[in-house]
Structure formats: structure tokens, C-alpha cells
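One-letter residues, chain by chain:
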Amino acid sequence: WWGVSVENKKHGVPRISHLQAAKPEMSFLSIEPLIEDVGQISLTGIDWVIVGGESGAGARPMKAEWVTNILKQCKKARVPF
């Protein structure tokens, strides 16, 4: 199992293509802590997606619509969420 963290567009989303290029036997995205809307992401070759927010004092908020956006993409691509 290989995975990458995807917390935002600038740093996290580019990691997805690196994971896809490696072509691991099993790949996953750990989209946490989700700190902004990541927009449209490529789920080609991705086997699993985990989404979560921050916790504890000073945690940044996670908006429901950011999660819903990812959930819809996973459903369309038939990737477990």
C-alpha cells in the first residue's frame, strides 16, 4: 500500500500524479487534514480515499462542501471513500 497526503491544491494535489506514476499494487489518498477545496482530482489508478479534518486546539475548519465534492468524484470513479 502506497499513499500520499493531499491537504490542499498547491502542495497536495501534485503528489497524486507522483503516486500514479509509481503504479503501486495498492494506492490511496489520505486527504487530510483537508484545509481547502481541492477541486477536481484525478482518481485514475487510485484504490481508496480517506478524508478528514484537523482536530485539537487551533484546528482549521473543514467545510462540508469540500468533502461532498470529493465524495461525488469517488462515487463517479467507483473508488471507495
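Bear in mind the structure is a predicted one, so any value in this text is a computation, not a measurement. (Residues numbered from 1 in each chain as written. Predicted model: local features only at pLDDT ≥ 70, side-chain atom pairs only at ≥ 80, totals over all residues. Heavy atoms only, no water.)

The next point concerns the overall build of the protein. Counting its regular elements, the protein contains two helices and three strands. When the elements of the protein are put in sequence order from the N terminus, they spell out β-α-β-β-α. Its C-alpha atoms give the protein a radius of gyration of 12 Å, within 12% of the compact-globule value 12 Å for 81 residues. By the burial criterion, 32% of the 81 residues in the protein qualify as buried. A total accessible area of about 5100 Å² is found for the protein, and carbon and sulfur atoms account for 54% of it. Averaging the coordinates of the 10 positive side-chain charges in the protein and doing the same for the 8 negative ones gives two points 7 Å apart. (Helix = DSSP H or I, 4+ residues; strand = E, 2+ residues; numbered from the N terminus. Rg over C-alpha atoms; globule rule 2.2 N^0.38 Å. Buried < 20%, exposed > 50% of the residue type's maximum accessible area, 1.4 Å probe, protein only. Areas by Shrake-Rupley, 256 points an atom, 1.4 Å probe, with all protein chains shown as cover. Lys, Arg positive; Asp, Glu negative; His and termini not counted. Charge placed at Lys NZ, Arg CZ, Asp CG, Glu CD.)

Here we take up the sheet that holds strand β1 (residues 2-5). Spatial ordering of the open sheet is given by β1-β2-β3, a layout of three strands whose pairing is parallel. In this open sheet, the two strands that pair with only one neighbour each are β1 and β3 (48-51). This sheet shows a mean twist of 15 degrees between the axes of neighbouring strands, independent of strand direction. Where strand β2 (residues 27-31) meets β3, four bridges bridge the pair, whose relative direction is parallel. Bridging across to β3, Leu29 finds its partner in Val49. Across the face of the sheet, helix α1 (residues 13-22) comes into contact with β1 and β2 while running at roughly 170 degrees to β1. (Pairing = 2+ DSSP bridges. Axes fitted to C-alpha atoms, helices over the stretch in contact; angles between N-to-C directions. Contact = heavy atoms within 4.5 Å.)

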